[in-house]
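Structural overview for review
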Amino acid sequence: MTEPTVVAGAVIASDKSTRKPPPPEKASDVRRRTWVILSFWFIVLCLLPIWWRTTTIYRANLPLDEMLEWADGKACRPVFPLRISIQADALQEQEAQNLLRLTQHALDDLNDFSGHHLRLQLSPPSTVEHQSRDRDDDTALIIRLVPGEFTSSTLDPYAPILDITYPPNTIPSPTSSSSSLAAYVASQLRTTFAEEQAIISYLLSTNSMPTEHRPQGLTPEAAESLSKRTTRSLKYAPTYHLTFSLFTSGPLPSSWDIEAAIDSYMRPVLDVLSPIHNFTIDTQVQLYASPGVQSQILNKEDLSSFVNAAEWPLSPSIGGAPTINFILFVGNQTIGSTAPSSDNPDDATNITTTSSWLLPQWGTVYLLSLPPSSPHVSLATLKQPLLTFTSHLLSLTGTPQSGSLPLRLSTLARIRSADLLLRASSTLGSLARLSLALPSIAIPGSVADGVQKTMAHLRLACETLGGAEGLAHARIAEAEAERAFFEKSMVGQLYFPDEHKIAVYLPLLGPMAVPLAMGLLNIVKEWTKRRREKKERGVEKKNV
Amino acid sequence: MRLSSLLRVPALFAAALFAAAPVAQAEHTSNWAVLVSTSRFWFNYRHLANVLSIYRTVKRLGIPDSQIILMLPDDMACNPRNAFPGTVYSNADRAVDLYGDNIEVDYRGYEVTVENFIRLLTDRVGDEMPRSKRLLTDDRSNILVYMTGHGGNEFLKFQDAEEIGAFDLADAFEQMWEKKRYHEILFMIDTCQANTMYSKLYSPNIIATGSSELDQSSYSHHADNDVGVAVIDRYTYYNLEFLETEVRDTSSKKTVGDLFDSYTYEKIHSHAGVRYDLFRGGEEEARSRLVTDFFGNVQNVEVDGSKNTTLEEDLLSLSRTIAALQQKAEEEEQAARQNTTEAVKSKPMAHHKTQFAKPLTDENWWTKKIFGATALAGCALLWGISSFLEAPGK
């Protein structure tokens, strides 16, 4: 309250006479003014850290180096130790040991890709039933050696067993250093696992693995066929949704025995795949469905636009799982043999006999021609389409083509775990590179948590690669990595340049900052003046 | 002899291998389209018509609704000023109703925001977001991103309320590339000074094209006197003209280069720009991409060979293995059931504990409490100090 009057007085005084100094301020007024200004400054200084804390973007500490190591494949070297047990009941212990040693030797010589080991072991002589029952342990394949007339081998279709017969005279003597039987077994093993090895080494080569861990390399043709396989197969998801659709060009048929058909022709495969994937199923029927191509005879170019995506209700958006479509189209259109397509002339010769085709990562279309007045598609009619769908389902899920079914499935599990491991690693790398590249992106604590979890599970998966446990860990790691990368709160205005900050703060803080700074300046000035005066007075007193 | 000849096969195979085979550039397996109109209000009718006509085109060329993300910030069809309620036309002849009865709008009205657009691109969405509103692409997906609205130097306005910067867009694309969420992108934008929007992009495999250079406006093509406003922009109009006359169905072999060559200043009244340098293989490779690689949905199908007769046998073997598996599973289940009976006994106790009301998220609960307490204490302290300071004055 006193200040304005002082100022006014000063103004009046300067009006009257410029030489006359203003009346001296009371010491208490000066002190109070100082307190006022200092308290303002005190508040500002107190609030500064709060302002700083609340406006900085929170960035949790990520173990960037470790993440990048995972992405570069330095943290984990994917090794698949496949244990193969040899069952040779007819052989002496020592003979068998010798054979095993030689075979292992031959295998090691043949193997050019260190990530994929085949380790042989001798299983104790026992009955087959017993063996096949507890094959839950890590044994990938059992070789059953049976004496016979000549050397031959067959894969058991029901279990991962390779039956090899041999003439008794081919058994290596304990002293010999090479054996044709051992070489034969080794080469059989190699051909059995050739596809798996090729797929895994292809997976590693397409990911950013350092060169020293890379396999020796693939021929361009092999790489092409493998890339075709990866093109065809869907990205791994724990659950797939299968949609079976019956589209008819006219009013009939209007019903089908799809449930029974699925149960009898597809359910077994779904059950077998159940350790790796879950499946949900829905079916639909649509009458008067017009395909995307109207011509009577379809050539290969037409097939890709046959599915009328605009009008057929094909994406049900049920749940969160990706959909695999199986379409049964009842009409009179046929697939015609056309001029041999440029990429593969062999295809064209086969086209005449077929009525179905596979759309990579999407599903299958099967053309069925029925007598025009049949109102119902029977179970027997559905057999062939469903079997086609089933085999396509296997290739859409990425199951290898060769070998017996149990082997293909265990291979699928191994491929998927390698795939998931690499995918999770590369997601970690992406996250690390992004957090370096975008300095203004927020990284909440949950992301750091997710990264930690991912790496823990990756480590476990890396140790137990090849088994069911490895797949489970890789699955968790991948899910966690995805969750960390796609953290919802990591969005916002990423780009916020400094000019914008100035534009926001200056009009707001500028007018407030000026009196504050001037006030502080005044105080300092007065304080130094007073000190000088005090000093002078002190000097005068001493002199007096 | 038999054995040795068998042995030779793997040896030959190994010899045929040679180091570091180049990994062939893979084809795409799915096509997606993100079509965004960003402006509100009746007089921006043409932006909605632009985006709807592109929507019709990509749908005609086979991209299903589930793979088209359509963002419409306003509802022109139901606007009270619309003389033709329920319809949107992009031409004064009003031959084709773009709105029609088979249209799936994914983001509508105030859902069309910069944040939602970036969330869509980067897929940073909550669990509640339905699949139809997400861009579920992978490293084999080609994406067409078409945007139209009012823009300026390095920004595009959304809803007259906010804007997306060229940097934001570039960062979003980079995040998509890092996460392998696209194979190739065709980015197309029709706004004033559109070419500045793609100038900051830095992620590979993007072809970008825009309607006008810096300091150039993008003009509308013509107005419909009955509708009362301009119905389409020039750049979009001539794109559509090309797509409708030259790309009649998915078997068309017209390339993206042909499309870009059709742009002239005489037609568009501004300098349309194209950016190739981000694309792997540069201009030549980019120009050779088919129009249907982005506007259509064309995949390499695999036609089956002759019937596979081994299938039935496979299935038989399958069902047998399943019988064995199920038997084993049942055994395990029985064993597990014995264990769970003990666990069940202890469960009810735990249930009682969780029945109390709980905050939805536990995280930072204590920090929040402390913050609140500090704030209260601070207020009390201030009040105390002020009354203390007041007292001596009296």
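Residues numbered from 1 in each chain as written. Chains lettered and ligands numbered in written order. Predicted model: local features only at pLDDT ≥ 70, side-chain atom pairs only at ≥ 80, totals over all residues. Heavy atoms only, no water.

Before going further, it helps to examine the overall build of chain A. Counting its secondary structure elements, chain A contains 15 helices and 14 strands. Considering chain A as a whole, with its 544 residues, one finds that 47% of them fall into the buried category. Contacts spanning at least 24 positions in sequence make up 76% of the contacts within chain A whose residues lie at least 6 apart. Just so you have it, chain A exposes about 27600 Å², and 58% of that area is on carbon and sulfur atoms. (Helix = DSSP H or I, 4+ residues; strand = E, 2+ residues; numbered from the N terminus. Buried < 20%, exposed > 50% of the residue type's maximum accessible area, 1.4 Å probe, protein only. Contact = heavy atoms within 4.5 Å. Areas by Shrake-Rupley, 256 points an atom, 1.4 Å probe, with all protein chains shown as cover.)

A word on the overall build of chain B. The secondary structure content of chain B amounts to 11 helices and 13 strands. The buried share of chain B, taken over its 394 residues, is 49%. Contacts spanning at least 24 positions in sequence make up 73% of the contacts within chain B whose residues lie at least 6 apart. Accessible area of chain B: about 19700 Å², with a carbon and sulfur share of 56%.

On to the nonpolar core, then. Residues A:Leu242, A:Phe244, A:Met266, A:Leu386, A:Leu393, A:Leu431 and A:Val451 are the most contacted members of the largest nonpolar core, which totals 78 residues. By residue number, the principal contributor to this core is helix H12 (residues 405-437) of chain A, which donates 13 residues. For A:Leu242, the residues in contact, after removing those within four places along its chain, are A:Met266, A:Leu270, A:Phe279, A:Thr280, A:Ile281, A:Asp282, A:Ile324, A:Phe326 and A:Leu393. Among the nonpolar cores identified, the runner-up in size contains 50 residues, and B:Leu52, B:Leu144, B:Leu240 and B:Val256 belong to it. (Core = buried A, V, L, I, M, F, W, Y, C linked by side-chain atoms within 4.5 Å.)

Caution is warranted with low-pLDDT regions, since their predicted coordinates should not be read in detail. Residues and elements named next belong to chain B. Across chain B, pLDDT averages 80, with 79% of residues at or above 70. Low pLDDT, under 50, characterises residues 1-25; the predicted model gives this stretch 29 contacts beyond four residues in sequence or across chains. Under a pLDDT of 50 for its full length, residues 343-360 has, in the predicted model, one contact with residues more than four places off or in other chains. Scored by ipTM, the complex comes to 0.78, with pTM at 0.78. (pLDDT = per-residue confidence, 0-100.)

This part is about helix H3 (residues 64-72) of chain A. All names here are of chain A. When H3 is considered as a whole, its buried residues turn out to be Met67, Trp70 and Ala71. For H3, the buried positions fall inside an angular range of 100° around the axis, keeping them on one side. The inward-facing, buried residues of H3 contact H12 and helix H13 (445-463). Downstream of H3 by one or two residues, Gly73 has phi in the positive range, about 80°. (Arc of directions from axis to C-beta.)

Next up on the list: the UniProt feature "active site" (unreviewed entry) in chain B. Residue and element names in this part refer to chain B. Taken from the UniProt record, the annotation "active site" (unreviewed entry) applies to His150 and Cys192. In terms of the greatest pairwise C-alpha distance, the residues named above, spread along 43 residues, form a tight cluster of at most 6.4 Å across. For His150, the contacting residues outside a window of four places in its chain are Thr38, Ser39, Asn44, Arg46, His47, Leu156, Lys157 and Thr191. A polar contact is formed between the side chain of His150 and the side chain of Asn44, at a distance of 2.7 Å. Among the secondary structure elements, Cys192 is positioned in the loop between strand S8 (184-190) and strand S9 (206-210). Given a relative accessible area of 21%, Cys192 falls into the partly exposed group. Every residue in contact with Cys192, bar those within four places of it in the chain, is listed here: Gly151, Gly152, Ser212, Gln216, Ser217 and Ser218. (UniProt positions renumbered as here; feature names shortened; annotations may be inferred. Polar contact = N/O pair within 3.5 Å; in protein donor to acceptor, adjacent residues only side chain to side chain.)

Residue and element names in this part refer to chain A. A surface patch of like charges, here positive, comprises Arg31, Arg530, Arg531, Lys534, Lys535, Arg537 and Lys541. Per-element accounting of the positive patch gives the leading share, six residues, to helix H15 (residues 498-543). Note on placement: Arg531 falls in helix H15. (Patch = residues over 30% accessible without salt bridge, like charges linked within 9 Å, V, L, I, M, F, W, Y side chains within 5 Å. Salt bridge = Lys/Arg side-chain N within 4 Å of Asp/Glu carboxyl O. Lys, Arg positive; Asp, Glu negative; His and termini not counted. Charge placed at Lys NZ, Arg CZ, Asp CG, Glu CD.)

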